[in-house]
Every structure is written in C-alpha cells, then in structure tokens.
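Overview (structure and organization)
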Amino acid sequence: MGAPGITGRTRPTKVKKRENVQKRKRDDVDVEKLEQAVQELDPKHASYKDFTDLPLSDPTKQGLKSCHFAVMTDIQAKAIPLALQGHDILGAAKTGSGKTLSFIIPVLENLYRLQHIGSDAGLGALILSPTRELAIQIFDVLRKIGRHGHMFAAGLLIGGKSLQDEREALTKMNILVATPGRMLQHLSQTAAFSIDDLKMLVLDEADRILDMGFQRDVDAIVEYLPKDRQTLLFSATQSKKVSDLARLSLQNPEYVSVHAEDKSATPSGLTQNYIVCPIEEKLDTLWSFIQASKKSKILCFFSSAKSVRFVYESFRHMQPGIPLLHIHGRQKQGARLDTTAKFSAAKHSCLFATDVAARGLDFPAVDFVIQVDCPDDVDTYIHRVGRTARYNREGRGVVFLAPSEEEGMLKRFEAKKVPVEMINVRQKKRQSIKDQLQNMCFQDPELKYLGQKAFMTHVKSIYLQKDKEVFKLKEYDLEAYAASLGLPGTPRIKFLKDDNSRQKKQASRQTIEVSDSSDAEEVAKVDKPVRTKYDRMFERKNQDVLADHYKKLVRDGDDEFSGAVAANGADDDFMAVKRRIPADDDGDFGASNDAQVAPGGRIVHLAGASQPLIIDSNRREKLLQSKKKLTKLMDKGKKLIYDDDGNPHEVYELQNEEQFRAKGLPEEQRQKFIEAAREGVQEADVEDKAAAKAKRKAKLQKRKEKERALEAGETGVVELADNGEDALANFRADAASSEDDEVEEKQPKKAKKWFQSDSEDEEKTKKRRKKAAHRVEEPETLEDMEALAAGLLG
Ligand SMILES: Nc1ncnc2c1ncn2[C@@H]1O[C@H](COP(=O)(O)OP(=O)(O)OP(=O)(O)O)[C@@H](O)[C@H]1O
C-alpha cells in the first residue's frame, strides 16, 4: 500500500509490470475464494476468536502478524465478520477496546475483494475522524496493517498542506483518512475529485465528531456520497445525537454493542478513584502527587488551555524532577504532533492537556489519568480516563471533585455505570506551593498574567456549565482559588442582579460582567480583598501588565470562552461583555460588526460614518452633542478619477492576480515600473527647471520696465490718486510690490556669479539707491501717517 510521498521503487518497469500481472492473476483466484468464504461466515451464530478464524487476504494476515495481533477483542470479533459481509454497522465499545482495527480490516478486505485498486479505480473508502491527531493515528494503523502486499494508495487529508498539493494527490487515492472540514472543502472545490464509486464510509469517534460541531459538515459530505455504499460508525459513548446520525447515514445497520451488559462502562483493568478537593487545594495536591509519582507516565486534564499553560509554565519553573509536556487546541499543529509523539515515546512523563487529547488518542502505557478540573459530563470523563488501561492493561484514574461537585457527579457516575471510589489524600504528604507560586508571579508578570487568565477562564467555564446541579459557582471560594494560583488579588468578576444596575454604572474596561437569568438570586460579587501595604506595592509594580491583561480580555472577547458558549449551545446573552473594543481601536467609539451592546446602551448610525456608534455611557452620550468630535468619525471621502467614458475609478485600483500575472514576472514588472518612474521624474525635472527660468526672466523684465518708468518720472501713486481711487490702498499695493522686488533683488545677490566685478556691484547698488529715492517711504509712526495723509489729500 502506498501513501503520497511514501512509495519509492527502483525496480525496472518491465519487471514490475510482469510481477503485477502475475500478482493480479493470483489475486483473482484469491478474491473468488475469499468472497465465497466470507459469504459462508455466520456472524450471528458462530463465534470467532482469532484473526486466523476469518477469511482474510494474505497481505492483511501478514500485517496483523507483523503487529503481533492474534486474538480479536470483543468488538473486533463481532463487528469484523459482519462488516466483511457488507453490513452497515453501528458499533459501540469501551475506550481502548480495539475499535480501530474493527474498521481498518473490513476496509482493506472489502476493497481488496472488489479489486478496487489503482489510480483509475478512484476513492473506495473514506474514514472520517474528528481530530487531526486521531486521523494520523488511524492512518498509522492502516499503514502498518496494509504495507505487507496491499497495493492501495492511501492518503491523509487533514489540512496543513496547500489545497493544490492535496488536489493532485487526491484523485489517485483509494483510501482516505480525513477530518470532516478538509474533506468537505475538497468535495466542494476540487472538480477532478470523484467519489462516485465510493464503497465505504467510516465515522470513527462519531460522538466526538458531533460534539465538535461537525454535524453539518458530515451531513454535507454524506450528501455527496453515493447512496449505494457501506457505512461503519463507531463510538465509545452513545448519545441521542449519535443515534440520529446513525439513522441518517446507515441503512439497516447491525448494532454491535459489546459492553452494553457489562457492570461498568469503563475498562475492567481501570481503577477509578476520586478525591474531594476544594479548588484552592488542587494545585498543591497535583504537585504533591507528581512529586510522589516521578517514575510514572501521567496525563492530567484541565478545563481550559489557559489553565494548561499556567500550570505547565509554573510547574516547569519549580523543577518537578519529571519531564513535563503540554497540549491544547491553541497550539500549532506541529507542536501538538511533537508533543503526542514525545509523550507516546516517553517512559516517565507528565502531560498537561485539555480535552483535545481526551478522545481516541492511543498513548501507550499511561499509568495515571488525573482529571484536575471536573469533566463537563460523564462521557467526557469516560473518554479522558480511557487514555489509560487500554487493551486489557491496567491503569488508574483519579478525578478531583470540589465538595460541591461531589454529590451531583457521583449520582451521574452511578447512572452511567462508572464505578468510582473515594480515596483520601495523605495530608502529611501534601505540600503547599502557594508561596512559591506567589513568589513566581511577583517576579514574572507574564506568569501572573497567565494565572489571571487561567483564573478567569476557569471561573467562566464553571459558570457556563449546563449542569447546574454539579457546578454551583457560589459554592467555590474564588478568592482562595486566586490566592492558590499565586495571584496578589482576585481578578474582579461581577455577577449582576439585573440589567438596570448595569445601565447606571459606567463601563469599565477592566470589568467583565456576567449575568445569568437562571441564577438571578445567586448574586455573587467578588470584590477586592482587604489589601495590605505589601499587596498594594506588589500590584503597583506590575500595573501595566494588570491593565493590559484586562484590556486584552475585553479586546479578545476571550476566544476560548466564546468557543465554549458556542459548543455548549448556551444562551449567548447570559454573559455580556460590556464593551467589546475592535482590535484596531485606539480609543474611538466605532462599533465593530460583532459588537455587543450592554443592556441600556444603543447603537447610533451616523450618516457619513462607516461604522455605527455604541452609546452606552455618559461620555459617549456627550460625544453625540459635539459636532467637532463627530466629524472625526465621519468618513473622509474618496478621490475618484474619471476615464474618457465618464466612469469613476479609484486613484489606486488593485489589479486581480490574473491581470497582474499576465503582465509578466514580478521582478520584471518591478524593473519596468522603476524605469518608467525614473523617466517621468526626469521629464518633470526638465519642465520644472524651464518653468522656473521663464518665471525669473519675466520678473527681471518687469523690473527693468519699472526702473525705466521710474527714470521717466512716472509714479503709480500719483497716477492712481489722480484717478480718484483709494490712494492708501495703492500705496500699500506698491509697498507690497516693492517687497516683491526686494525679494527679486535679493536673488541675484544670492546667486552672485563668481566672475561678477565689484564695479558692476557698485553700479547695481547705485541703481537701487536711486530707485529707493523714488519710492514712498512707509510711515512708521502716527505722525508719519498724518503727514502722509495730509500730503496725499493736499
Ligand atoms: N486484537 C488486538 N490485540 C492486541 N492489541 C490490540 C488489538 N486490537 C487493538 N489493540 C491495541 O489496543 C489499543 C487500543 O486500540 P484502539 O485505539 O483501536 O481502541 P479504541 O477502541 O479505538 O479506543 P478509543 O475509543 O479510546 O479510541 C491499541 O494500542 C491497539 O494497538
């Protein structure tokens, strides 16, 4: 089996062709026999235990052997025979029970028996996975089993490469492992990608696909696929959404639910415990646990990426003596893959993770799964804890429950058949790291900022939880929790009783308000704790960071939080960010498209302004009364150029890519542009110089004429006065023109030629004096003015 960029053969083509023909002949015989044997299987009555009990092709047998897979797991023993016979399957089995092989083997075998091989055959099987990591893992299993003689071309379609590169490889594939989003993108955009002959669709971790909001994508993908296909759907937990999906995409499915009758919904090799731990003691407990388990492989789950980062960064500084890793959805794909590879290979390590690592990932030999933050629901718990005790191995899960979460969670565990027993933490062994964290936050504003973010997102995530019987925010001691993170004070979070009080208060950029209609009575206000002088000093030192932090919180709209709202389908308006500032805002008042307005506020649309204004404070109200300020918000207008046909164009119009490319290579275009610009500048320079010269000449001419006129005894003043016009005005005009002349006269001085003789200079000076003698002196004093006026009138 080949994958893009993986196959590379050096044997001569003729030999290869001959071998292929021989192989095909062998395969034809093999295929017929296999088909017959498959039809003779009796999955409903007979029981199959080993892989060798099934009629499988030689390459698949080889692959299984090389991976040392001999005995089938329950789900494999039941699902594979049915799937080989072409039935649609809805498969449910516990985590780590071997669901992956339950679909990989039928995919390989069914396509093999159909001889759906080679680039002409097109896509035969599509396997959809919710995350890239899981897709990679599935692809890896497919490769391991299929590389011993299968001739399929298989590919991984998870994004991260250019669409064009993927497009070229896609059309040649027989089997694809893909994430839904990327697959849909290609189905809608890649014309040459034909799936008309698709034989099998697999949906792995179907519940996760739906939880992650891929329902629409999957529905759309299914629309593209031929109706006459086989569909296999696997999931570790069952939900209504999964059965809805099954109803829509499967035809007369066989339900294969191997652990439905089990006493426990979790693997038998798994020991499950919980400890009652107030949130403010979580980090102390976690640290002490890690200290006591340095020779283990530990996976710790948190509710948000911010918490993961904060705990990772702070614990790293404290040198725990075990390699630490962290993974969350905000990391780049490369970093995530790197981390999964490192943790898989590690013998002793501790990985801090969000639920991105909760489902499907098969890390070998994890000793402990610690759920530091209480999971959203029991299904999430099962997926998280399922990262240990996989395939008949032993493992241990510990979930930290706050006292207020205990009762509700235990009820839910019981209802879903999850046996969790309480254990106590040995108080003697518990170390407090509060002082260390406080010290680190004091020294490192970045860490403090992270801690504040972690605090905010965690509190918000508790608040957004749907299950209010388990998550009761007022029961948590948030001040103590903030202190346990090493924060100098509790970041302010206000829960408002009603919208009216919100209207009255001036919006503060450092305040995020959360209101919950269902919890209206639970008015909790976390105010600043009593501060010592030390605390104040502490805060002052990092003032900028604190302010910045809150600004960022408001600016970002906290992506993670909004993600959680979307994912939970929770009411958007039970938390309102009072003022969301556009990213490029520098203090103005424009409302971005997604702006939210606090209750009591309003949006005003100004004629001539591109953005509406949010008016939700007195200051903004005043703004409406100031024309000067409003004009600043108006659009500046646009300069347009009209062509010969009278069509308006912008001064600079962007070409589209095709037009740009049609003109030649970018470097050539650049050179041409520079050349044309240079020529333009040179031409303009010549013209400018000529114009300046002409102007100088004209002025010189004018001056000479004036001088000549003066010599002839003419004065403008007298002439005009004689005409009965305002003599003073003309006086002024004359004075002004004489100033002009002075400027003109000064010019030759500046530009005095080095060969000009002193006698020429003298002559000019004489002329100037003569001219000055004829000029009327400007009156300087009141007496001068009176004398002048008298003279003129007389
Ligand atoms: N027949 C088998 N014999 C031995 N090991 C097996 C067998 N089948 C699967 N395994 C191993 O068991 C582990 C779990 O398998 P797999 O990842 O398929 O579980 P899963 O049911 O998909 O789990 P999850 O629901 O958590 O994704 C893997 O390490 C796999 O190699």
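Residues numbered from 1 in each chain as written. Predicted model: local features only at pLDDT ≥ 70, side-chain atom pairs only at ≥ 80, totals over all residues.

For the chain, an unreviewed UniProt entry supplies the name ATP-dependent RNA helicase and the organism Clathrospora elynae. Per UniProt, the chain carries the Sequence similarities (unreviewed entry) text "Belongs to the DEAD box helicase family." Turning to the chain, the UniProt annotation filed under Function (unreviewed entry) states: "RNA helicase." (UniProt positions renumbered as here; feature names shortened; annotations may be inferred.)

The helix and strand tally for the chain stands at 30 helices and 22 strands. Considering the chain as a whole, with its 794 residues, one finds that 35% of them fall into the buried category. Taking the intrachain contacts of the chain between residues at least 6 apart in sequence as the baseline, contacts between residues at least 24 apart amount to 74%. (Helix = DSSP H or I, 4+ residues; strand = E, 2+ residues; numbered from the N terminus. Buried ≥ 20, exposed ≤ 12 C-beta atoms within 10 Å, placed from the backbone. Contact = placed C-beta atoms within 7 Å.)

A few words on the environment of Pro130. When you line up the elements, Pro130 lands in the loop between strand 2 (125-128) and helix 5 (132-146). Not counting residues within four places of it along the chain, the set of residues in contact with Pro130 comprises Glu205, Arg208, Ile209, Met212 and Phe214.

With numbering aligned to this structure, UniProt lists the feature "short sequence motif: Q motif" (unreviewed entry) at residues 49-77. Helix makes up 45% of residues 49-77 and strand makes up 0%, while its end C-alpha atoms are separated by 6 Å.

With that settled, the discussion passes to the packing of helix 2 (residues 58-66) against helix 5. A packed helix pair is summarised by two numbers, namely the angle formed by the two axes and the spacing between the axes. Close contact between helix 2 and helix 5 brings their axes to 7 Å; oriented N to C, the two are set at 115°. Of the possible angle classes, the one that applies to helix 2 and helix 5 is roughly perpendicular. Listed contacts from helix 5 to Pro59, Thr60, Gly63 and Leu64 of helix 2 are Lys144, Ile145 and Gly146. Looking at the contact of helix 2 with helix 5 residue by residue, the class counts come to 3 nonpolar, 3 polar and 1 charged. (Axes fitted to C-alpha atoms, helices over the stretch in contact; angles between N-to-C directions. Parallel < 35°, antiparallel > 145°, perpendicular 65-115°, else oblique. Nonpolar A, V, L, I, M, F, W, Y, C, P; charged D, E, K, R; others polar.)

Here we take up helix 15 (residues 403-415). Approximately 25° is the largest bend angle found in helix 15, and it occurs at Met409. Looking only at helix 15, the buried set comprises Ser404, Glu405, Met409 and Phe413. Considering only its buried residues, helix 15 is in contact with helix 14 (378-385) and strand 13 (395-401). Immediately downstream of helix 15, the backbone of Lys417 shows phi near 60°, a positive value. (Bend = angle between axes of the 7 residues up to and from the residue.)

In spatial order, the strands read 10-11-9-12-13-8-14; together these 7 strands make up an open sheet with parallel pairing. Two strands bound the open sheet, and with one partner strand each, they are strand 10 (324-327) and strand 14 (421-422). In this sheet, strand 14 lies alongside strand 8 (residues 270-276) in parallel orientation, the contact comprising 2 bridges. Within strand 14, the position partnered with Asn273 by the bridge is Glu421. The sheet contacts of helix 12 (residues 305-317) involve strand 10 and strand 11 (349-353), and relative to strand 10 the element is tilted by about 165°. This element, helix 14, spans strand 8, strand 9 (297-301), strand 12 (368-371) and strand 13 of the sheet and lies at about 150° to strand 12. (Pairing = 2+ DSSP bridges.)

Attention now goes to the site of the ligand. As a structural note, the neighbourhood of the ligand is formed by 19 residues, with Thr95, Gly98, Lys99, Thr100 and Tyr391 the closest of them. With 3 residues, the single largest contributor to the shell around the ligand is helix 4 (residues 99-113). Among the residues forming the shell around the ligand, the class breakdown is 7 nonpolar, 9 polar and 3 charged. Among the domains, domain 1 (24-257) and domain 2 (270-485) are the pair contributing at least three residues each to the shell around the ligand. (Near = placed C-beta within 6 Å. Domains from an automatic or database assignment.)

Our focus in this paragraph is the pairing of strand 1 (residues 89-92). Burial along strand 1 is two-sided: Ile89 and Gly91 facing one way and Leu90 and Ala92 facing the other are all buried. Where strand 1 lies against strand 6 (residues 230-235), 4 bridges are found, and the strand directions are parallel. Its bridge partner being in strand 6, Leu90 is matched across the sheet by Leu233.

Turning to the sheet that holds strand 6, a few remarks are in order. Think of a sheet as strands paired side by side through backbone hydrogen bonds, with each pair either parallel or antiparallel. Taking strand neighbours across the sheet as the criterion, the 7 strands line up as 3-4-2-5-6-1-7 in an open arrangement whose pairing is parallel. Of all strands in the sheet, those bounded by a partner on one side alone are strand 3 (154-157) and strand 7 (254-257). Ignoring strand direction, the axes of neighbouring strands in this sheet form an average angle of 15°. One ladder, built from 4 bridges, connects strand 3 with strand 4 (residues 175-178); its direction is parallel. Residue pairing in the sheet places Ala154 in a bridge with Ile175 of strand 4. Each of strand 1 and strand 6 touches helix 10 (residues 240-249); the most contacted strand, strand 6, lies at about 175° to it.

What follows deals with the confidence of the model for the chain. For the chain, per-residue confidence averages 76 on the pLDDT scale, and residues scoring 70 or more make up 71% of the total. For the chain, the element scoring lowest by mean pLDDT is strand 18 (residues 575-576), at 28; strand 9 scores highest, at 97. A low-confidence stretch, residues 503-528 (pLDDT under 50), is modelled with 53 contacts involving residues beyond four sequence positions or located in other chains. Below pLDDT 50 for its whole length, residues 772-794 participates in 10 contacts with residues either more than four positions away or in separate chains. (pLDDT = per-residue confidence, 0-100.)

What follows covers the packing of helix 12 against helix 17 (residues 445-464). In contact at an axis separation of 8 Å, helix 12 and helix 17 are set at 145° when each is read in the N-to-C sense. Judged by the twist between their axes, the crossing of helix 12 over helix 17 is left-handed. Taken together, the residues of helix 17 that come into contact with helix 12 (itself represented by Lys306, Ser307, Arg309, Phe310, Glu313 and Ser314) are Leu447, Leu450, Gly451, Lys453, Ala454, Thr457 and His458. Across the contact of helix 12 with helix 17, the residue classes tally to 4 nonpolar, 5 polar and 4 charged. (Left-handed = near helix turned anticlockwise from the far one by under 90°.)

Time to look at the nonpolar core. If you look at the biggest cluster of nonpolar residues, it comprises 142 residues, and the most contacted ones within it are Val202, Leu233, Cys300 and Ala353. Two domains each donate at least three residues to this core, and these are domain 1 (24-257) and domain 2 (270-485). In this structure Cys300 touches Leu286, Cys350, Leu351, Phe352, Ala353, Ile370 and Val372, once residues within four positions along its chain are discounted. (Core = buried A, V, L, I, M, F, W, Y, C linked by C-beta atoms within 7 Å.)

Even without being glycine, Gln115 reaches a positive phi, approximately 50°. If you trace the backbone, Gln115 turns up in the loop between helix 4 and strand 2. Notably, Asn252 is not glycine yet its phi reads approximately 40°, a positive angle. Position of Asn252 among the secondary structure elements: in the loop between helix 10 and strand 7.

Quick look at the pairing of strand 8 now. As defined by bridge partners, strand 8 adjoins strand 13 across 7 bridges and the pair is classed as parallel. The residue bridging Asn273 from the neighbouring strand is Val398, located in strand 13.

Note on placement: Met173 falls in the loop between helix 6 (163-170) and strand 4. Through-space distance from the C-alpha of Met173 to that of Leu123 is 5.5 Å; in sequence the pair is 50 residues apart. In this structure, Met173 is in contact with Leu123, Ala153, Ala154 and Gly155, ignoring residues within four places of it in sequence.

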